[in-house]
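A look at the structure
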Amino acid sequence: MAGLDFSRYEPTKLEREILHCSPFWWAYVKGREIVQAYGNNLPLELRENVDYLVINCVEDPDSLESMRVYSNKWLYSDYVTIDEKFKAEDSWQYVCEEYQKNGCACNLHGHLGIIAYPFKLRAVVFFDTTDNQVYLIPHDGFRDKPGLEDIFKKTDERFGSLAKYYKSQAAPVFEELNVRPCGEYASFVPVEYSFCEGWRVIKFLGNYLKRNCLDAKATYLVFRKEKSDETMSYIYHSNKWGIEAKNKKKLRNKIDPRAKEINSIRHYLNDQRYSNQPCKIGNKKVILCYPVSTYNAVVWDIEDNTVWVLPTKRYNNDEYFKKLEAHFGKLTFL
């Protein structure tokens, strides 16, 4: 069987490096054309007269395993009901900052389109139904990265500036960590922490974090251990509970069943190998961190984004310890 007539988007070297954008193939075709090309071998029901956007990010555009197919929901209200949030003028902020779902409809300054996220949310593929073309739109947090001027210029000329639809462009704000829980010395130097999106980490802390695989829109907990004119030391932690919830089908994101037990933190205490370990205190989901000491664990409560430093034993009459137990319940593992 002959495949579809694909077009190819070829990113520049800097689009590859900064946005992690790989070349991709795309086609805009009727459902019957997909069936004629590949039979009924895709895991979705195709309607023969519905228009579909087909995207493939591997070298072989006809690879069914990696093929993604999105219907043009704007044309087929008989089959799909579009939420009013997506119809609203400038629904871009809701779609890209909150909803973040492949294939949803979006109104971008009057351009009705379909959204796809093949590149870890550093850039959105926007299919514009007004001209049936695809546009790569980077997250605005990368606007001042050298080498991306042309792609932002192209985006601004067609859609207008999108900067106002993204969260604050300010640098991460750090708070002081309580490094003396119950009078213990978890650290002899000040330690600070901040919650910030991946793009903000990359943009403002990229010189110190030797990692470039962060999800641009995911929230990370970042610790700053040292600060001087010569050096800064950062440690970041990801919300693995949230990652598993978003990617339930991917085995590498599965959390060990033992970590889901009540008070599972007891399995991972006093061992820095388990830094960034998802676990539970009582039945609360937390991320275990060791940014300062092997013995004084730090926990990130993902439900309310609070950070707590644990003492090494019980201090029943200590005010901080009382706050810990008021928040988490009785700490039976200490």
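Before going into details, it helps to say that this report is about the structure given with it. (Residues numbered from 1 in each chain as written. Predicted model: local features only at pLDDT ≥ 70, side-chain atom pairs only at ≥ 80, totals over all residues. Heavy atoms only, no water.)

Points about a nonpolar patch on the surface
Selection criterion: Residues with no salt bridge and a relative accessible area higher than 30% make up the patches, which join like charges within 9 Å and nonpolar side chains (Val, Leu, Ile, Met, Phe, Trp, Tyr) within 5 Å. The Shrake-Rupley method, run with a 1.4 Å probe sphere, supplies the accessible areas, and residue values consider only the shown protein chains as cover. Whenever a carboxyl oxygen of Asp or Glu lies within 4 Å of a side-chain nitrogen of Lys or Arg, that contact is scored as a salt bridge. In this description a helix means any DSSP run of H or I spanning at least four residues, a strand means any run of E spanning at least two, and both kinds are numbered starting from the N terminus.
On the surface, Tyr-185, Phe-188 and Val-189 cluster together to form a nonpolar patch covering roughly 370 Å² of accessible area. One can find Val-189 in the loop between β9 (175-176) and β10 (192-197).

Here's the deal with the sheet that holds strand β16 (residues 306-309)
Put simply, the rule reads: At least two DSSP bridges between two strands are required for those strands to pair. Every axis corresponds to a line fitted to the C-alpha atoms, with the helix fit spanning only the stretch in contact, and the corresponding angles, defined between N-to-C directions, vary from 0 to 180 degrees. Any two residues having at least one pair of non-hydrogen atoms within 4.5 Å are treated as being in contact.
In space, the 4 strands of this open sheet follow the order β13-β14-β15-β16, with antiparallel pairing throughout. Whereas interior strands pair on both sides, the edge strands pair on one side only; in this sheet they are β13 (277-281) and β16. In this sheet, neighbouring strand axes are inclined to one another by 35° on average, regardless of whether the strands run parallel or antiparallel. Set on the sheet, helix α8 (residues 319-328) makes contact with β13, β14 (284-289), β15 (298-301) and β16; between it and β16 the angle comes to about 130°.

A short note on unusual backbone geometry
Put simply, the test is: Exposure categories follow from relative accessible area, calculated using a 1.4 Å probe and restricted to protein chains: below 20% of the type maximum is buried, above 50% is exposed, and the middle band is partly exposed.
Phi angles above zero are rare outside glycine, and His-20 is one such case at about 55°. Checked against the element boundaries, His-20 lands in the loop between α1 (13-19) and β2 (24-30). Classification of His-20 as partly exposed rests on a relative accessible area of 28%. Despite not being glycine, Asn-270 shows a phi value in the positive range, around 60°. Here Asn-270 is to be found in the loop between α7 (240-246) and β13.

Digging into the nonpolar core
Soluble globular proteins: nonpolar side chains tend toward being buried together. The condition that has to hold: Buried Ala, Val, Leu, Ile, Met, Phe, Trp, Tyr and Cys residues form a nonpolar core when they are joined through side-chain atoms within 4.5 Å.
Core analysis: the largest hydrophobic core is formed by 52 residues, its most contacted members being Trp-92, Ile-115 and Val-222. With 5 residues, the top contributor of residues to this core is strand β7 (residues 123-128). Ignoring anything within four residues of it in the chain, the contact list for Ile-115 reads Trp-92, Val-95, Cys-96, Lys-101, Asn-102, Gly-103, Cys-104, Cys-106, Val-124, Val-125 and Phe-126.

Considerations on the packing of aromatic side chains
Heads up, the condition is: We call Phe, Tyr and Trp rings a pair once their centres come within 6.5 Å, taking the six-membered ring for Trp, and we label the pair stacked below 30 degrees between planes, edge-to-face above 60, and tilted otherwise. A ring is considered to have a charge above it if a Lys NZ or an Arg CZ atom is located within 6 Å of its centre and within 35 degrees of its normal.
Evaluated as defined, the whole model comprises 14 aromatic pairs. Here the aromatic rings of Phe-195 and Trp-300 are separated by 5.5 Å at their centres, their planes lie at 55°, and the arrangement is tilted. Of the two residues, Phe-195 is situated in strand β10 and Trp-300 in strand β15; the sequence distance between them amounts to 105 residues. By relative accessible area, which is 26% here, Phe-195 ends up partly exposed. Under the relative-accessibility criterion, Trp-300 is labelled buried at 1%. When the ring centre of Tyr-185 is taken as origin, the NZ or CZ atom of Arg-180, which lies over that ring, is 4.1 Å away. We note Arg-224 situated over the ring of Phe-174; from NZ or CZ to the ring centre the distance is 4.1 Å.

A short note on the pairing of strand β8 (residues 133-138)
Strand residues, when the strand is regular, have side chains that alternate between the two faces of the sheet. Within β8, 5 of the 6 residues are buried, which leaves the element mostly enclosed by the surrounding structure. Between β7 and the antiparallel strand that follows it, β8, lie 4 residues; Asn-132 among them carries a positive phi value of about 55°.

Description of α8
Basically, it comes down to this: Think of it as the arc spanned by the lines of direction from the helix axis to the C-beta atoms. In protein, a polar contact requires one atom able to donate a hydrogen and another able to accept it; more generally it is a pair of N or O atoms within 3.5 Å, and residues adjacent in sequence count only if both atoms are side-chain atoms.
What α8 keeps buried is the set Tyr-320, Phe-321, Leu-324, His-327 and Phe-328. Taken end-on, α8 shows its buried residues confined to a sector of 125°, consistent with a single buried face. Exposed residues on α8 whose side chains face more than 90 degrees from its buried face are Glu-319, Lys-323 and Ala-326. The inward-facing, buried residues of α8 contact β13, β14, β15 and β16. Between the side-chain oxygen of the N-cap and the backbone nitrogen of Tyr-320 there are 2.8 Å, and the N-cap of α8 in question is Asp-318. Directly after α8, the chain includes Gly-329, whose backbone phi takes a positive value near 90°.

A look at the side chain of Asn-107
Relative to the helices and strands, Asn-107 resides in strand β5 (residues 105-108). A residue is classified by how much of its surface remains accessible, and Asn-107, at 5% relative accessible area, is buried. In terms of polar contacts, Asn-107 uses its side chain to reach the backbone carbonyl oxygen of Lys-87, at 3.1 Å. Only 3.0 Å separates the side chain of Asn-107 from the backbone nitrogen of Gly-110, close enough to count as a polar contact. Each residue touching Asn-107, except ones within four places of it in the same chain, is listed here: Trp-74, Phe-86, Lys-87, Ala-88, Glu-89, Asp-90, Ser-91, Trp-92 and Leu-112.

Examining the state of the cysteines
What counts is decided by this rule: Disulfides are defined as pairs of cysteine sulfur atoms found within 2.5 Å of each other.
What the rule picks out here adds up to 0 disulfides. The thiol of Cys-279 is unpaired, and the distance to the nearest cysteine sulfur, on Cys-289, comes to 9.1 Å. The class for Cys-279 is buried, based on a relative accessible area of 0%.

Just geometry here; none of it tells us what the structure is for.
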